[in-house]
Amino acid sequence: MLLLQFVFWCSFFLIVHTYLLYPLLLKVLGKGKPPHDVLLEEEDEWPQVSVLMSLYNEEKVVALKLDSLLQQDYPADKLKLFLGSDCSSDDTNSIIEAYCKAHDHLHFFPFTDRQGKPGVINFLAREANVLKPESPNHIYLITDANVILTPQTISNLVRHFKDTKLAIVDAHMVHTGMQDGGISHSENQYISSEVQLKALEGSVWGYMMGPFGGCYAIRSNYFTQVPPNFLVDDFFITMKAFEKGGKAINDLEAVCHEAVSHDWREEYRRKSRISTGNFQNLFLFSHLWWPPTRPLSFAFFSHKVLRWLVPFFLLLMGASCLLLAVCGYTLYQYVLALAVLGVLLFPLLDIALSSTGVNIRLLRHIRYFLLMNLALFMGFVRYISGVKSSIWDPPKRN
């Protein structure tokens, strides 16, 4: 019975550590710490920026995205756009071609076969290097079609590269279009907390645990081509940059906007895919998180590894708690009753209330947490089944 109690409380502690203790530790360590202040000045020589963007059936957002890129407050002669359409079947290609006629710094590559985002980005990076060879003064801005930049986004990101130790700078993703119904408030709260956590990691450790992928800048000499079957390319690229000795931070002033997800099914599908990629990265980069005795490994282990393993900790807690309750331990009988309420009753109650137009945030957050961990578990199942391709259909755009 002591072993079952150890399993229960160890699993509980690891969940508490990744969600509460680690963020609290960063807040304490980061209190009063000044932001990264090694910045390019107006009179400095600013680096060449190559925007790399993969698109697939983005007719609803591509014009708005291109407008946001063309309105950047960055030296025009230092900015080039490399766009790859991954065999789009809607009007994406024709919209981009119209922009190319008016702007000669747009370079467009329409693919006739699906490549997947990593394959497109790999190709665009090679094309960008033809015009400007790979070097510390050549920056890639990797961005998604549905992420809309503010006019200062690129300059705010690139200004940090005066610091020669920096490999990656992430933008501050701000969600738009919140609604009371659906998943949007829970998703926004989770992403907002992740933004703050990553900003603190960059400030305290110098090792932000991966950009969000929608908009980030990386020195071209730290970029690594992504294998064709890898699903979470941004995290892979970041870990490879760490292997090369680079560091990564987040700039909260480099704001960009993305419409928040509302649909449960779409978000579950997206998170399941991301989870599969998470486990690819977990095993490939195990040498970067174990043992967790250095700043990089401690951050990786505390922020990412433990969160990816939360579904398994929950299963261990549930199994050990059930056995202890059956054996007559009163404490675990109460805990088991609360667990049943949380896993079954609360989500069902949220579903029932939301169907009548009543939305209670606490119930929605509990349901969201369970959905996220179910997606993590199913992503692991897909990982052990084998990943043959990174090609997938992105969520529907608002």
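Now for a look at the structure at hand. In this text, all values refer to a predicted model and were calculated from it rather than measured experimentally.

Some thoughts on the overall build of the protein
When helices and strands are tallied, the protein shows 13 helices and eight strands. For the protein, the spread of C-alpha atoms along the principal axes amounts to about 75 × 45 × 40 Å. Counting the 398 residues in the protein, one finds 50% classified as buried. Sequence separation of at least 24 residues holds for 81% of the intrachain contacts in the protein that already meet a minimum separation of 6. Split by element, the accessible area of the protein, about 18,200 Å² in all, is 62% carbon and sulfur.

Some words on the packing of helix 7 (residues 233-243) against helix 10 (residues 295-308)
Interaxial distance between helix 7 and helix 10 falls to 13 Å at its minimum, and their mutual angle equals 160 degrees. Compared by their axis directions, helix 7 and helix 10 come out roughly antiparallel. With respect to the hand of their crossing, helix 7 and helix 10 are arranged in left-handed fashion. On the side of helix 7, the interface is formed by Phe235, Met239 and Phe242, while helix 10 contributes Leu296, Phe300, Lys304 and Trp308. Tallied by class, the residues present in the contact of helix 7 with helix 10 amount to six nonpolar, no polar and one charged.

Considerations on the sheet that holds strand 2 (residues 79-86)
Reading across the sheet, the eight strands line up as 3-2-1-4-7-6-8-5 and stay open at both edges, with mixed pairing between neighbours. With partners counted over all chains shown, the strands left at the sheet margins are strand 3 (106-111) and strand 5 (148-149), one partner each. Packed onto the sheet, helix 3 (residues 92-102) meets strand 1 (48-55), strand 2 and strand 3 and runs at close to 155 degrees relative to strand 3.

Here we look at the packing of helix 1 (residues 2-30) against helix 6 (residues 184-204)
Viewed as axis vectors pointing N to C, helix 1 and helix 6 meet at an angle of 50 degrees, and their least axial separation amounts to 9 Å. Taken together, the axes of helix 1 and helix 6 are oblique relative to one another. Pair helix 1 / helix 6 crosses with left-handed handedness. On helix 6, the residues that touch Tyr22, Pro23, Leu26, Lys27, Leu29 and Gly30 of helix 1 are Leu197, Leu200, Glu201 and Val204.

Digging into a nonpolar patch on the surface
Taken together, the side chains of Val340, Val343, Leu344, Leu348 and Ile351 make up a nonpolar region of the molecular surface, amounting to roughly 450 Å² of accessible area. When you line up the elements, Leu344 lands in helix 12 (residues 330-354).

Quick notes on unusual backbone geometry
A cis amide bond links Trp290 with the next residue in sequence, Pro291, at an omega value of -5 degrees. Relative to the helices and strands, Pro291 resides in the loop between helix 9 (286-289) and helix 10. Positive phi, close to 50 degrees, is recorded for Asn57, a residue that is not glycine. Of note, Asn57 is situated in the loop between strand 1 and helix 2 (62-70). Its relative accessible area of 26% is what places Asn57 among the partly exposed residues.

Quick notes on the environment of Leu353
Along the polypeptide, Leu353 turns up in helix 12. Separated by 10 residues in the primary sequence, Leu353 and Leu363 place their C-alpha atoms 9.7 Å from one another. Ignoring anything within four residues of it in the chain, the contact list for Leu353 reads Val358, Ile360 and Leu363.

Examining the pattern of salt bridges
Tallying each qualifying case throughout the model produces 17 salt bridges. Sharing partners across several salt bridges, the network here consists of Glu187, Glu267, Arg270 and Lys271.

Rules used throughout
Residues numbered from 1 in each chain as written. Predicted model: local features only at pLDDT ≥ 70, side-chain atom pairs only at ≥ 80, totals over all residues. Heavy atoms only, no water. Helix = DSSP H or I, 4+ residues; strand = E, 2+ residues; numbered from the N terminus. Buried < 20%, exposed > 50% of the residue type's maximum accessible area, 1.4 Å probe, protein only. Contact = heavy atoms within 4.5 Å. Areas by Shrake-Rupley, 256 points an atom, 1.4 Å probe, with all protein chains shown as cover. Axes fitted to C-alpha atoms, helices over the stretch in contact; angles between N-to-C directions. Parallel < 35°, antiparallel > 145°, perpendicular 65-115°, else oblique. Left-handed = near helix turned anticlockwise from the far one by under 90°. Nonpolar A, V, L, I, M, F, W, Y, C, P; charged D, E, K, R; others polar. Pairing = 2+ DSSP bridges. Patch = residues over 30% accessible without salt bridge, like charges linked within 9 Å, V, L, I, M, F, W, Y side chains within 5 Å. Salt bridge = Lys/Arg side-chain N within 4 Å of Asp/Glu carboxyl O.

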